[in-house]
Amino acid sequence: MAKEKSQSNVRERTDIREPHKWAVIFWNDDFTTMDFVVKVLHDVFLKSENEAEKLMMDVHEKGSAVVGLYTYDVAVSRTQAATGMAREEGFPLKITFKEV
């Protein structure tokens, strides 16, 4: 009986929405090597070698590129991890994110 009573007190949630997405953007500079950008895209953003190389070329040729869409927490953590890797190697790689 207690089980039935507790189930009747549970409210149905119909207002659950998908979380907002955030675009992570890599910016071109004259110092960060192409190989390092590919490594970060592969190791931190889990891109295949081919996809990482294509994204790196987009950054190089266009000045910037969206490398992925993530929830806020994932965008922040991957941006921080990638920026940390860049600073450890002495690269000024700029990575930002914005809500889409």
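Parameters and conventions
Residues numbered from 1 in each chain as written. Predicted model: local features only at pLDDT ≥ 70, side-chain atom pairs only at ≥ 80, totals over all residues. Heavy atoms only, no water. Helix = DSSP H or I, 4+ residues; strand = E, 2+ residues; numbered from the N terminus. Buried < 20%, exposed > 50% of the residue type's maximum accessible area, 1.4 Å probe, protein only. Contact = heavy atoms within 4.5 Å. Areas by Shrake-Rupley, 256 points an atom, 1.4 Å probe, with all protein chains shown as cover. Core = buried A, V, L, I, M, F, W, Y, C linked by side-chain atoms within 4.5 Å.

Draft legend 1. Molecular detail of the overall build of the protein. Tallying secondary structure elements over the protein gives four helices and three strands in all. The N-to-C order of helical and strand elements in the protein reads α-β-α-α-β-α-β. For the protein, buried positions account for 32% of its 100 residues. Taking the intrachain contacts of the protein between residues at least 6 apart in sequence as the baseline, contacts between residues at least 24 apart amount to 71%. Summing over all exposed atoms, the protein offers an accessible surface of approximately 7,200 Å²; the carbon and sulfur share of this is 52%.

Draft legend 2. Focus on the nonpolar core. V24, F26, V40, L41, F45, V67 and L93 are the most contacted members of the largest nonpolar core, which has 23 residues in total. For this core, the secondary structure elements donating two or more residues are β1 (22–27), α2 (34–43), α3 (49–62), β2 (64–70) and α4 (72–88). Of all the elements, α2 adds the most residues to this core, at five residues.

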